[in-house]
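An overview of the molecular structure
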Amino acid sequence: MAMVEVKSDITGMVWKILVKEGTKVAEDDVLMILESMKMEIPVVAPQDAVVKEIRVREGDHAAEGEVVALLQI
Amino acid sequence: MAFDEVLKELEARRAKALEMGGEEKLAKRRAQGVMNARERLDYLLDAGSFVESGLLATSHRPEARDKSPADGKVAGYGAIQGRPVAVVSNDFTVLGASSSVVNGKKIKHVKQVANESGMPLILLGESAGARMPDRMGASGRAILGQDPTEYLRDRRTPWVSALLGSCYGSSTWYACLSDFVVMRKGATMAVASSRVTALAIRQPVDAEELGGWNLHTATTGLVDVAVDTDQQALDVVKHFLSYLPSHNGELPPTASVPEGSDEPIKNILEIVPESRSKVYDVRGVINCVLDKDSIFELKPRFGKSLVTSLGRLDGNTVGVIASNPKFKGGSIDVDACAKATSFLVLCDSFNIPIIFLVDQPGFLIGLEGEKRGAPGRIMNWMNALSLVTVPRVSITMRKNYGQAYLNMGGGRNSEEAAAWPSADFGFMDPATGVNVLYGIKAEDDPERFKRLMSEIAQESAPWPLAGLFETQAIIDPRDTRSYLKQILKIRLRRPTNGIGAHRLSCWPTSY
């Protein structure tokens, strides 16, 4: 069982978190939505996995490259 | 019968060569569900079309002659859907298909024939790298480098690689030089194996991490597509080739237009959100624009804020470079730049017209990109775009900001530019623009901020661009497919029968 860090692609505000610890996700499923450049930008699962940890809360500022979630593959 | 003995000798030698590395090794592969070198060619090529070149080649070293049937690489010619191709299939059961003097000559020969006779070259990779002890010491260097064009890529016919096992040495080098690479999951490609690497760096090394499908499809971009089986890989090779001509002196083959291809575009207004804050997956748009089921995406897991896809329009192959707002809001990062540039080179080299579908807020700004040399990648793209001699059509759907406006076919960087009425042109996002131009943020003076933002927004509607003839048409989104069909028909370069000048044929294969 390996851990995969999901990093934010862009700098933005965490607007909506759509999963919680234990949620099973498929590649490209939306984990959370960030707001940046006046757009709602989804953060997606890079591979089929199970959500292990959400590292941010709604309203937080996420920097580009910051780990926002941990997934177990 | 006359010649009886020598004919029997021939038959015996041929039979021995066809045994490859022997039944034990072949049985092991069968048990693992992995095809052998000759089975792969049987599956890939039209029945009965394979003409082998060099069945009786062996190692140049006398002591290894009997252990090296076909010297570990099966080469020759065949047909795929009736079209001639040249092939090299690595035989891992023979000395790991390691590279040697004689099989190097085979590859060189087949490459030359492919070039001169105008056939795609297909390399089925699975090789252990350099052959030992041949390559040891100074005399091991001395047998190398006899062909100064060995690693030159001058794109005259398509080169396709399939990575079907451990790939070191020639399988890897040729994959990097190829126009399209498919990899079977579980296969690996790297400069050195995980075992050798672990010895060199004195740390355990995981083979998948070093050179597996996930690394190469998502991080390096050296592999276009990953599949689960040998058969699927070979099917993908055939599928890719169906979009391309056999050589750069002809147009790609045409196909019939599936029934119902004109229907999906009628629903396009439901696929692209009118609200500028909403994102969507542009593949939905591409599927509406192209002939039904013709979309064939390259590097879908790499540089995802752009989609690079082959497809057909009215039966003719086209290449589509489309912003995908679903990823990073469509802002273009360093990987997407490299992907777009490679795709321009592929299309231009093989006489495939290019369609840009634009909805991007500019190049992605940030530290990561700068560390990776973003400006250099942006300029590579512009440089390549300037050398394209196939028709380019650019359609702006929603946003089109910044320098990337040019990279996506803006101004004289495309032959025709059209826009949807929802198009929004400018230097940067209006909210940031107010800050940059007037030095105020929304929370400082909300009334003034809103007024200034709407002023900027008015200037960014497409009408002034059309007024200045910088976009030749503003079209109803539902007319996009018919517009593109008409324009590409008109813009076919009839004086050369659609054949481009191929100024990108020697462009680097990666950067």
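What comes next concerns the included structure. (Residues numbered from 1 in each chain as written. Chains lettered and ligands numbered in written order. Predicted model: local features only at pLDDT ≥ 70, side-chain atom pairs only at ≥ 80, totals over all residues.)

Regarding the overall build of chain A
Across its full length, chain A carries zero helices and eight strands. Traced from its N-terminal end to its C-terminal end, chain A shows the element sequence β-β-β-β-β-β-β-β. Expressed along its principal axes, the backbone C-alpha trace of chain A runs to roughly 35 × 15 × 15 Å. Taking all 73 residues of chain A together, the buried fraction comes to 32%. The long-range share in chain A, meaning contacts at least 24 apart out of those at least 6 apart in sequence, stands at 56%. (Helix = DSSP H or I, 4+ residues; strand = E, 2+ residues; numbered from the N terminus. Buried ≥ 20, exposed ≤ 12 C-beta atoms within 10 Å, placed from the backbone. Contact = placed C-beta atoms within 7 Å.)

Concerning the pairing of strand β6 (residues 180-184) of chain B
Residue and element names in this part refer to chain B. For β6, a buried count of five out of five residues is recorded, marking the element as mostly surrounded by other parts of the structure. A two-sided burial pattern is seen for β6, the buried positions comprising Phe180, Val182 and Arg184 on one face and Val181 and Met183 on the other. As paired strands, strand β5 (residues 159-168) and β6 are joined by four bridges and run parallel to one another. Bridge pairing links Ser161 to Val181 in β6. With helix α6 (residues 170-177) bridging β5 and its parallel neighbour β6, the resulting β-α-β unit is right-handed. Examined bridge by bridge, β6 and strand β8 (residues 225-227) share three bridges and lie parallel to one another. For Arg184, the partnering residue across the bridge sits in β8 and is Val227. (Pairing = 2+ DSSP bridges. Right-handed = clockwise from strand over helix to strand, strands pointing away.)

Things to note about the packing of helix α17 (residues 430-438) of chain B against helix α18 (residues 446-459) of chain B
All names here are of chain B. Orientation of α17 relative to α18, taken along the N-to-C sense of each, is 110 degrees, at an axis distance of 9 Å. One way to sum up the angle between α17 and α18 is to call them roughly perpendicular. Residue-level inspection shows Pro430, Ala431, Gly433, Val434 and Tyr438 of α17 in contact with α18, the latter providing Phe449, Leu452, Met453, Ile456 and Ala457. Partitioned by chemical class, the residues of the contact of α17 with α18 number nine nonpolar, one polar and no charged. (Axes fitted to C-alpha atoms, helices over the stretch in contact; angles between N-to-C directions. Parallel < 35°, antiparallel > 145°, perpendicular 65-115°, else oblique. Nonpolar A, V, L, I, M, F, W, Y, C, P; charged D, E, K, R; others polar.)

Note that every value here comes from positions in space, so none of it alone points to a role or purpose.
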